[in-house]
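Each chain, letter by letter, is given below.
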Amino acid sequence: MSIPSGIEAGTVLETRTYPVTRATLVRYAGASGDFNPIHWSDRVATAVGLPGVIAHGMLTQALAARAVAEWTADWSDGAPAQVVELGAKFTNPVVVPDDDTGIELVVAGTVKAVDGDLVTLALEVTAGGTKVLGNPRAVVRA
Amino acid sequence: MSLDSTLVGRTFPATPPYRVSHEKVTEFARATGTPYAADGPVPATFPIVLAFAAMNDFLDAVGVDLSRIVHGEQKFAYERPIRTGDVLTTALTVASLRQIGGNDIIGTRSDVTDADGALVCSTSAVLVHRGGTA
């Protein structure tokens, strides 16, 4: 893979929107092995002082990484780039209501730097207009 | 309940060897909608499956209930891509510990190594242990 023309510092990537429902949380719990009841039981979540069932921080970060995979797959032959570094703080809980629509997680991204074959992406991840990740970023090998 | 500051620097026993299967990675990729091909990179956050198992063992060892843990931060640094067929183990080290407002703020580092003992991915997490009476 090589870095395509038009991917340079300042390039704005196409914002992605992903729905998250209680069903998403259950499915992620099974796939990840994270069965913390604050992600499926309102009773437990409120007992520990949360506003209600919240999404796994790691689901939020996984969806940010999904956007990175989708963007970088578009750069080449459809294969996502290898991620070298990924990180974020979980700054605001993502409360997921027990209804059919849930919430929408919005992932925006900008190319921060290109250094050799490494591309640094600065992300912004919001739910309901509120930033839910602090300083989310990824470094990929293009 | 506050955790004991002498935990800092302690490395807990590594998790049992875990074989990365195409089926498990596919399940994880589908749960997050992430594009994944059999010979391509696994989803970038997949090592959390290993790091989470190491964290569960750690919480059991120090007597902390999982429902009182909220994730504060997570980072991954890859030495090489994870491939299906890899046999990986994970060892958690307590990197830092401080108390703020009745909560323990636990910094952990979990190193994922392969069958040859080579580092594959270094993960670090901040875990917020919520205090209280429940």
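Bear in mind that the values here come from a model prediction, so they are computed numbers and not experimental data.

Visitor: Would you mind showing me how to read the overall build of chain A here?
Guide: What chain A contains, in helices and strands, is three helices and six strands. Traced from its N-terminal end to its C-terminal end, chain A shows the element sequence β-α-α-α-β-β-β-β-β. C-alpha atoms of chain A, sized along the principal axes, occupy 50 × 25 × 25 Å. In the form shown here, chain A has an accessible surface area of approximately 6200 Å², with 49% of it arising from carbon and sulfur atoms. The distance from the centre of the 10 positive side-chain charges to the centre of the 15 negative ones in chain A is 6 Å.

Visitor: How do you make sense of the packing of aromatic side chains when you look at a structure like this?
Guide: Aromatic ring pairs: the centre-centre distance and the angle between the two ring planes describe each pair. Under the definition given, this model contains three aromatic pairs over all chains. Feature note: the residues Tyr28(A), Phe28(B) and Phe46(B) constitute an aromatic cluster, connected by ring pairs.

Visitor: Any chance you could explain the interface of chain A and chain B here in plain terms?
Guide: The accessible area lost on association of the parts is a frequent measure of interface size. In this assembly, 37 residues from chain A lie in contact with 32 residues from chain B. For the pairing of chain A and chain B, the buried interface totals around 2800 Å² over both sides, and the portion due to carbon and sulfur atoms is 62%. Our count for the chain A to chain B interface comes out at one salt bridge. A salt bridge links Glu73(B) to Lys89(A); the shortest N-O distance between them is 3.9 Å. Our count for the chain A to chain B interface comes out at eleven residue pairs in polar contact (both at pLDDT 80 or more). Split by residue class, the side of chain A that touches chain B holds 22 nonpolar, nine polar and six charged. As defined by bridge partners, strand β2 (residues 82-90) of chain A adjoins strand β2 (residues 69-78) of chain B across five bridges and the pair is classed as antiparallel. Its bridge partner lying in β2(B), Glu85(A) is registered against Ala77(B).

Conventions and cut-offs
Residues numbered from 1 in each chain as written. Chains lettered and ligands numbered in written order. Predicted model: local features only at pLDDT ≥ 70, side-chain atom pairs only at ≥ 80, totals over all residues. Heavy atoms only, no water. Helix = DSSP H or I, 4+ residues; strand = E, 2+ residues; numbered from the N terminus. Areas by Shrake-Rupley, 256 points an atom, 1.4 Å probe, with all protein chains shown as cover. Lys, Arg positive; Asp, Glu negative; His and termini not counted. Charge placed at Lys NZ, Arg CZ, Asp CG, Glu CD. Phe/Tyr/Trp six-rings, centres within 6.5 Å; stacked < 30°, edge-to-face > 60°. Contact = heavy atoms within 4.5 Å. Buried area = accessible area lost by both parts, 1.4 Å probe. Salt bridge = Lys/Arg side-chain N within 4 Å of Asp/Glu carboxyl O. Polar contact = N/O pair within 3.5 Å; in protein donor to acceptor, adjacent residues only side chain to side chain. Nonpolar A, V, L, I, M, F, W, Y, C, P; charged D, E, K, R; others polar. Pairing = 2+ DSSP bridges.

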